[in-house]
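A look at the structure
Read off the chains here:
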Amino acid sequence: LRNPVDRAYSNYLNLVRDAREQLSFKETLENEELRIKMNWEWFWHIKAQGYYFKNAKKYFRLFKRKQILVITYDEFLKRPEAVIIRILNFIGVNPNIKLNLSNKDNVSGVPYEWVRPLYFFLLKPGLVNKFLRTIIPLQIRKTVSGIFKNLLITKPKPDIEVMVSLAKSYKSDIRKLSKLTGLDLNSWLDKYDERKLI
């Protein structure tokens, strides 16, 4: 589980990175309900995806507690190898394997200004994109695309007022989720608490 505010912003940056969103983060959130009503794909349900409690509750109702392992993204960032070993142990897989954690896949952000025209030109569906797909094997395209995206994007700072507003909307859900999972999620509540940001 990831802090829902950070997850929402990262989701937004992925859409911007892939030339699928042109609105600001605030405008994207303001348009979400309309987009949901118009059957936009789930990936544009940026705010809605952050209400974890309802979905987590289903798992806890269907499975025994000992069958569920809940890990926070923060925990994974702090100790990735330990978390992966914990997951492997939990699912009964030999944890004594060599892990390569050097790759960072699917990094969110927006292209640097100087490369934006070329970046979006190559990503945009059309004749050039279609031609490149026919002559370049999928694995090579994925590798080059990953390198291209990682090197040529930046992560702009979000509008803090939007983040604080979004955090307020998640407070109740986070508290219920914390109670359900037994995880201390106070750091999520504190991160965008306007009283602590002053």
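The text that follows walks through the structure, step by step, so that each part is easy to find. A quick note: this is a predicted structure, and the numbers were derived from the prediction, not measured. (Residues numbered from 1 in each chain as written. Predicted model: local features only at pLDDT ≥ 70, side-chain atom pairs only at ≥ 80, totals over all residues. Heavy atoms only, no water.)

1. Focus on the overall build of the protein
The test is simple: Counting from the N terminus, the helices are the DSSP runs of H or I reaching at least four residues and the strands are the DSSP runs of E reaching at least two. The rule is simple: take the accessible area with a 1.4 Å probe, protein chains only, and divide by the maximum for that residue type; under 20% is buried, over 50% is exposed, in between is partly exposed. For every accessible area listed, the method is Shrake-Rupley and the probe measures 1.4 Å; residues are considered covered only by the protein chains on display.
Helix and strand counts for the protein come out as 12 helices and 2 strands. Listing each helix as α and each strand as β along the protein from the N terminus yields α-α-α-α-α-α-β-α-α-α-β-α-α-α. The buried share of the protein, reckoned over its 198 residues, is 33%. Carbon and sulfur atoms form 58% of the exposed surface of the protein, whose accessible area is close to 13,600 Å².

2. Some thoughts on the pattern of salt bridges
In plain terms, the rule: When a carboxyl oxygen of Asp or Glu lies within 4 Å of a side-chain nitrogen of Lys or Arg, that pair is called a salt bridge.
One pass over the full model with this rule turns up 7 salt bridges. Where R17 meets D18, a salt bridge forms, and the shortest distance between an N and an O atom there is 2.8 Å. Its salt-bridge partner being E41, residue R20 comes within 2.7 Å of it at the nearest N-O pair. You can see R20 sitting in the loop between α1 (4-17) and α2 (25-30) and its partner E41 sitting in the loop between α3 (32-37) and α4 (53-62), a full 21 residues away along the chain. Judged by relative accessible area, E41 falls into the partly exposed class, the value being 40%.

Remember, this is a structural readout, not a statement about activity or role.
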